[in-house]
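Overview (structure and organization)
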Amino acid sequence: MVKRVALVRRKPDMTAEQFWAHYTGPHAAIVQRMPGLRQMVLSRAVEDQVTEWDAVGELWFDSTTAVKRAFEDEQILAELRADRSLFLGASEVVIVDEEIRWP
C-alpha cells in the first residue's frame, strides 16, 4: 500500500471543533469519492501536546500511479480547492510506501 499522509492545520479564525467538524464532514465526503481510494484515516492531535498541526490525514492507494490518478480528477480537484479555502490554514504532504507493520 501507498499512503498520502498530510499534516493539517486549521485556519486561524477557526476553533478546533469547527475545524474537526468540517475536516471529517464536508471535506471527507469529497475525498471519499476519489477514484482508487482504498482507505481513509483521519486522526486528531491530542489536546495536551504542543504542536502546530491539528490533524493527520492518511489516504491509502494501491500505488503511486493510483495516487496521481486520484489527484488528476478535475471535478474532485475543483471541489477540493474550493473546500480547502473554507477550513485549511496549512498542510504538509508526503507519499509513503508502507513496509513494516507490527504486530
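The structure under discussion appears in the preceding block.
All values derive from a computational prediction rather than experimental measurement.

Procedures and definitions
- Residues numbered from 1 in each chain as written.
- Predicted model: local features only at pLDDT ≥ 70, side-chain atom pairs only at ≥ 80, totals over all residues.
- Heavy atoms only, no water.
- Salt bridge = Lys/Arg side-chain N within 4 Å of Asp/Glu carboxyl O.
- Helix = DSSP H or I, 4+ residues; strand = E, 2+ residues; numbered from the N terminus.
- Buried < 20%, exposed > 50% of the residue type's maximum accessible area, 1.4 Å probe, protein only.
- Contact = heavy atoms within 4.5 Å.
- Expected span 1.5 Å × (residues − 1).
- Arc of directions from axis to C-beta.

1. Concerning the pattern of salt bridges
Evaluated as defined, the whole model comprises 8 salt bridges. Note that Asp-54 and Arg-10 form a salt bridge whose closest N and O atoms lie 2.5 Å from each other. Separated by 44 residues along the polypeptide, Asp-54 in the loop between β2 (39–44) and β3 (55–61) and Arg-10 in strand β1 (residues 2–10) bring together distant segments of the chain. Salt-bridge contacts for Glu-17 lead to Arg-44; the nearest nitrogen and oxygen are separated by 2.8 Å. Of this pair, Glu-17 sits in helix α1 (residues 16–31) while Arg-44 sits in strand β2; the two residues are 27 residues apart in sequence, bridging distant segments of the chain. A relative accessible area of 51% places Glu-17 in the exposed class. Several salt bridges converge on common partners, so that one network encompasses Lys-3, Glu-58, Glu-98 and Arg-101.

2. A few points about the side chain of His-27
Inspection of the secondary structure assignment puts His-27 in helix α1. Taking relative accessible area as the criterion, His-27 reaches 9% and is therefore assigned buried. In this view, His-27 contacts His-22, Leu-80, Asp-83, Arg-84 and Phe-87; residues no more than four positions away in its chain are not counted.

3. What about the environment of Glu-72?
Summarising the element assignment, Glu-72 is placed in the loop between α2 (64–70) and α3 (74–87). Glu-72 gets classed as exposed once you look at its relative accessible area, which sits at 53%. Note: C-alpha distance between Glu-72 and Gln-18 (54 residues apart in sequence) is 29 Å.

4. Brief notes about α3
If you check α3, its first and last C-alpha atoms are 21 Å apart, about what 14 residues at 1.5 Å a residue would give, namely 20 Å. Turning to α3, its buried residues number three or more, namely Ile-76, Leu-77, Leu-80, Asp-83 and Phe-87. Taken end-on, α3 shows its buried residues confined to a sector of 135°, consistent with a single buried face. In α3, the exposed residues that point more than 90 degrees away from the buried face are Glu-74 and Arg-81. Those residues of α3 that are buried lie in contact with β1, α1 and β4 (88–97).

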